[in-house]
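Spelled out from the first residue to the last, the chains are:
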Amino acid sequence: MRSIASMTLLALCALIGLPASAGEPAHVTFAPVPPGTVVTSKVVYLAGEAMHSQWRAVLSKRRLGAAYGQTSYQWYLSIYAISGATYHLRYQSPRDGAPLARVTKANGSPTMWFPMQDASIVGAAELMQPGVQQLVFQSHQTGADCGTANITIFTTNGKTGKVVPAVSIENGCELNATIVHGKRGDAVQLTGPYYSPSAALCCPTKPKATATLRYRNGAWVETPKYFTFYPRRFSPM
C-alpha cells in the first residue's frame, strides 16, 4: 500500500481538481506532504522559467474545532522546489514565520480557537524583473474585531536561495490583491478601506480605496500611499 509520504502530484491535483503542469514529470512526490486538506496549488517560477527552477505553492488547512456555528482552521502555505521527481519543502507558514499565525485554543474554552483565519493564493507575476516570477498571497486573521488583512509577495534570495517575503502590506479589516499586466510590467492592485492616522476601524476615511504596488529601481512603490507596507531588505537576485 502506498504511504502518505509518497502521494503523487497527480493524486494531489486530482484532489483539488487541477491538472498537473505539462512540464513536470509524470509522477512526483512531496517531501513532506502539505498538512491538512489541500485547498489549491500553483506553479511559480521563482528562479526563472526552466524545469529545474520550478516551484509549487500549496495552500492547505486543518480543522481544529467548531463553536457557535463557526469552524476554526489552521491554514498553511507550503512552498516547494522541484528536484528530479520530488518537491522539497522550502518555506512553510506559520512554521517559518509570516504571514500566517499559529491558531491556539482560547484560555478557559475547550471549543474556541484564535485567530480565525482565511487565505488564498492570488497568483504568480513578474514583478521584480522579466522572466522571474514572485508569488502573491493574501490572508486575513481576526480575533475580537474585524482583524487584519495581509498581502505578502514571496521571492527567493539570490545569495542563499531561500524563499523570503519581499514585501508585506497590511490593512485593518480588509485588503484584496489583483495582479495586473501592463506595458511597464506586472503590478499588484490593492483594494480595501483606507484609514487616516486618526480614523477608527468602524469608520474608514475612504471605504473603498485602490492603490497600485510596483517594484521600480530596486524599491517597492505604492501609488497612492493608502496602505502600510514593509519591504524586506535583501538582494533578491
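Everything numeric here is computed off the predicted structure, so don't read it as measured data.

1. Brief notes about the pattern of salt bridges
Argument step 1. All told, the structure shown has one salt bridge when counted by the stated rule.
Argument step 2. Between Arg95 and Asp96 there is a salt bridge, with the nearest N and O atoms lying 2.8 Å from each other.
Argument step 3. Assessed through its relative accessible area of 45%, Arg95 is described here as partly exposed.
Argument step 4. Of the residues examined, Asp96 reaches a relative accessible area of 35% and is grouped as partly exposed.

2. Focus on the confidence of the model for the protein
Argument step 1. When pLDDT is averaged across the protein, the result is 86; 85% of the residues are at 70 or more.
Argument step 2. Across residues 1-11, where pLDDT falls below 50, the model places 22 contacts with residues more than four positions away in sequence or in other chains.
Argument step 3. Predicted confidence for residues 233-237 stays below pLDDT 50, and this span has 17 contacts to residues more than four positions away or in other chains.

3. Points about the sheet that holds strand S5 (residues 86-93)
Argument step 1. Spatially, five strands are ordered S1-S5-S4-S3-S2 in an open sheet, and the strand pairing comes out mixed. Either end of the sheet is taken by a strand with one partner, and the two such strands are strand S1 (29-31) and strand S2 (37-44). Neighbour-to-neighbour, the strand axes of the sheet open up by a mean angle of 30 degrees, direction not taken into account.

4. Description of the sheet that holds strand S15 (residues 219-223)
Argument step 1. Read across the open sheet, the four strands follow the order S12-S13-S14-S15; overall the sheet is antiparallel. Since the sheet does not close on itself, it has two edges, and those belong to strand S12 (176-182) and S15, each with one partner. Averaged over all pairs of adjacent strands, the angle between strand axes in this sheet comes to 30 degrees, irrespective of strand direction.
Argument step 2. Two strands pair when backbone bridges link them, and strand S14 (residues 206-216) and S15 are joined in this way by five bridges, in the antiparallel orientation.

5. Focus: the environment of Val132
Argument step 1. The topology assignment puts Val132 in strand S9 (residues 132-142).
Argument step 2. Sequence spacing of Val132 and Val44 is 88 residues, and the spatial spacing of their C-alpha atoms is 9.1 Å.

6. Some remarks on unusual backbone geometry
Argument step 1. With an omega dihedral of 20 degrees, the bond running from Ser93 to Pro94 counts as a cis peptide bond.
Argument step 2. Along the chain, the position of Pro94 falls in the loop between S5 and strand S6 (104-105).
Argument step 3. The omega torsion across Thr223 and Pro224 is -15 degrees, close enough to zero to call that bond cis.
Argument step 4. Tracing the backbone through its elements, the reader meets Pro224 in the loop between S15 and strand S16 (228-231).
Argument step 5. Although it is not a glycine, Cys173 sits at a positive phi angle of roughly 75 degrees.
Argument step 6. In this model, Asn217 sits at a positive phi of 55 degrees, which is unusual for a non-glycine residue.

Cut-offs and rules
Residues numbered from 1 in each chain as written. Predicted model: local features only at pLDDT ≥ 70, side-chain atom pairs only at ≥ 80, totals over all residues. Heavy atoms only, no water. Salt bridge = Lys/Arg side-chain N within 4 Å of Asp/Glu carboxyl O. Buried < 20%, exposed > 50% of the residue type's maximum accessible area, 1.4 Å probe, protein only. pLDDT = per-residue confidence, 0-100. Contact = heavy atoms within 4.5 Å. Pairing = 2+ DSSP bridges. Helix = DSSP H or I, 4+ residues; strand = E, 2+ residues; numbered from the N terminus. Axes fitted to C-alpha atoms, helices over the stretch in contact; angles between N-to-C directions.

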